[in-house]
Amino acid sequence: MKAAHLAALREAAAARRPVAFATNLATGAAFILPDEAAPAALAAEAAAMLAADRSGTVTIGDEGWFIESRNPPPRLLVVGAVHIAQALVPFALASGFAVTVVDPRRAFATADRFPGVAIATDWPDEALDRLGLDSRTAVVTLTHDPKLDDPALRRALAADPFYVGALGSRKTHAARLDRLRAVGVDDAALARIRAPVGLDIGAVTAPEIALSIIAEIVAARRGRLAAP
Amino acid sequence: MSDTVSDAEDILGIAAAWHAEGEQVAIATVTSTWGSSPRRVGSRMAVTASGRIAGSVSGGCIEGAVAEAAQRSIETGTPQRLDYGVTDERAWEVGLACGGKVSVFVEKLS
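Values in this document were obtained by computation on a predicted structure and should not be read as measured data.

### Some points on the overall build of chain A
When helices and strands are tallied, chain A shows eight helices and ten strands. The C-alpha extent of chain A, read off along each of the three principal axes, is 65 × 40 × 35 Å. Within chain A, counting contacts between residues at least 6 apart in sequence, those at least 24 apart form 57% of the total. Each charge class in chain A can be summarised by its mean position, and for the 25 positive and 25 negative side chains these summaries are 4 Å apart.

Encoded structure:
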């Protein structure tokens with residue numbers, strides 16, 4: 001690998017720009033795609049694999065190439081800069097997620113409490129609109145405050161994030177469903193909310209609840225969560 | 001083929017830092033796996049001539065052999081394709097306890 005290629009790969013990752021990195025397994029020659037200088041057959045193969053987010057070895061002509069899809073990491077948007085969020089963020093970072101903590105209450109949403117992650121202090125619906133929700137994004141609401149959680153959930157359910165979770169007891173969640181129904185969210189959308197949030201591991205403390213939440217998000221990401 | 005790895009671990013970043021310090025560095029990448037193998041396609045390990053190692057390409061069973069191969073690539077500048085698994089005679093030396101097979105590409109950072 002050339003140092004210049006390594007630097008370019010890291011630059012693409014920092015900019016959340018998807019690239020495919022193709023290495024000739026006999027010679028070590030490499031391309032970072034898209035690249036107009038790459039052979040057409042290699043470019044086509046790389047584009048298909050990047051779109052499918054798959055990496056592996058392919059044969060082009062009589063040459064073996066390793067193609068690595070380097071898509072930006074999945075994102076987790078944590079609504080509520082609360083105590084459980086402080087426990088959740090390190091688990092999410094270690095699991096490969098790019099994390100943004102969303103909370104307009106500036107006393108909570110501080111770099112002191114959330115070192116090393118992005119913080120959004122606009123209103124949750126505005127923040128989610130600005131950040132954009134795609135199928136590589138997970139959303140979890142933790143504030144317990146309908147003024148903050150509900151707008152975030154409405155945005156999340158109107159888009160296609162791969163996970164939507166909401167902290168709160170069954171009773172809290174029942175009240176939440178009533179409120180969201182009253183503003184026109186349909187039952188199919190409401191059924192996508194994971195609540196009570198997290199896998200049932202009997203979690204009690206904040207770190208345990210955070211662990212159950214990240215485990216459920218990983219299960220969703222890896223396709224091991226039964227559809228609601 | 002496999003779903004892409006996007007581990008938080010930044011082995012390329014570590015390799016870049018070591019290279020910037022003036023170290024001679026080789027990078028090993030898992031290019032194929034068969035059966036049960038603990039590390040996924042795209043997993044990486046960085047090795048220096050001075051013996052520093054970061055990351056992994058298996059559950060720990062072939063790292064020693066890959067590190068030795070990395071030293072050869074650092075000396076010769078020639079990339080290598082290495083296959084490890086139960087059908088390989090190397091299996092008795094460094095084989096995979098999991099019973100899987102893995103291909104690893106080793107190259108010098110230049």
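Moving on from the coordinates now.
### Notes on the sheet that holds strand S6 (residues 101-108) of chain B
Backbone-to-backbone hydrogen bonds pair the strands of a sheet. The strands run either parallel or antiparallel. Residue and element names in this part refer to chain B. Pairing within the open sheet is antiparallel, and its five strands lie in the order S4-S3-S2-S6-S5. Taken across any chain shown, the strands that pair with only one partner, and hence form the sheet edges, are strand S4 (53-55) and strand S5 (80-85). Here the average twist between neighbouring strands, direction ignored, is 20°. One ladder, built from three bridges, connects strand S3 (residues 44-48) with S4; its direction is antiparallel. Counted as the bridge partner of methionine 45 is glycine 55 from S4. Most of the contacts of helix H1 (residues 11-20) go to S3, to which it runs at about 15°, and overall it touches strand S2 (25-34), S3 and S4.

### A word on helix H1 (residues 3-14) of chain A
Taking 1.5 Å per residue as the helical rise, H1(A) with its twelve residues ought to reach 16 Å, and the 17 Å between its terminal C-alpha atoms agrees with that figure. Looking at H1(A), one finds that the buried residues are A:Leu6, A:Leu9 and A:Ala12. Looking straight down H1(A), one finds that the buried residues subtend no more than 125° of arc, so they occupy a single side. H1(A) presents A:Ala4, A:Glu11 and A:Ala14 as exposed residues on the side facing more than 90 degrees away from its buried surface. Packed against the buried residues of H1(A) are strand S1 (19-24), strand S2 (30-33) and strand S4 (63-70) of chain A together with H1 and S2 of chain B.

### Some words on the sheet that holds strand S7 (residues 118-120) of chain A
Residue and element names in this part refer to chain A. Taken together, the six strands give an open sheet; going across it, the order is S7-S6-S5-S8-S9-S10, and neighbouring strands pair in parallel fashion. At either margin of the open sheet sits one strand with a lone partner, and together these are S7 and strand S10 (193-194). Inspection of the sheet shows strand S6 (residues 98-102) paired to S7 by three bridges, in the parallel sense. Directly across from valine 102, in S7, lies its bridge partner alanine 120. Together, strand S5 (75-79), strand S8 (137-141), strand S9 (163-166) and S10 form the strand contacts of helix H8 (residues 206-221), whose direction differs from that of S9 by roughly 160°.

Each value, and the rule that gives it
Residues numbered from 1 in each chain as written. Chains lettered and ligands numbered in written order. Predicted model: local features only at pLDDT ≥ 70, side-chain atom pairs only at ≥ 80, totals over all residues. Heavy atoms only, no water. Helix = DSSP H or I, 4+ residues; strand = E, 2+ residues; numbered from the N terminus. Contact = heavy atoms within 4.5 Å. Lys, Arg positive; Asp, Glu negative; His and termini not counted. Charge placed at Lys NZ, Arg CZ, Asp CG, Glu CD. Pairing = 2+ DSSP bridges. Axes fitted to C-alpha atoms, helices over the stretch in contact; angles between N-to-C directions. Expected span 1.5 Å × (residues − 1). Buried < 20%, exposed > 50% of the residue type's maximum accessible area, 1.4 Å probe, protein only. Arc of directions from axis to C-beta.

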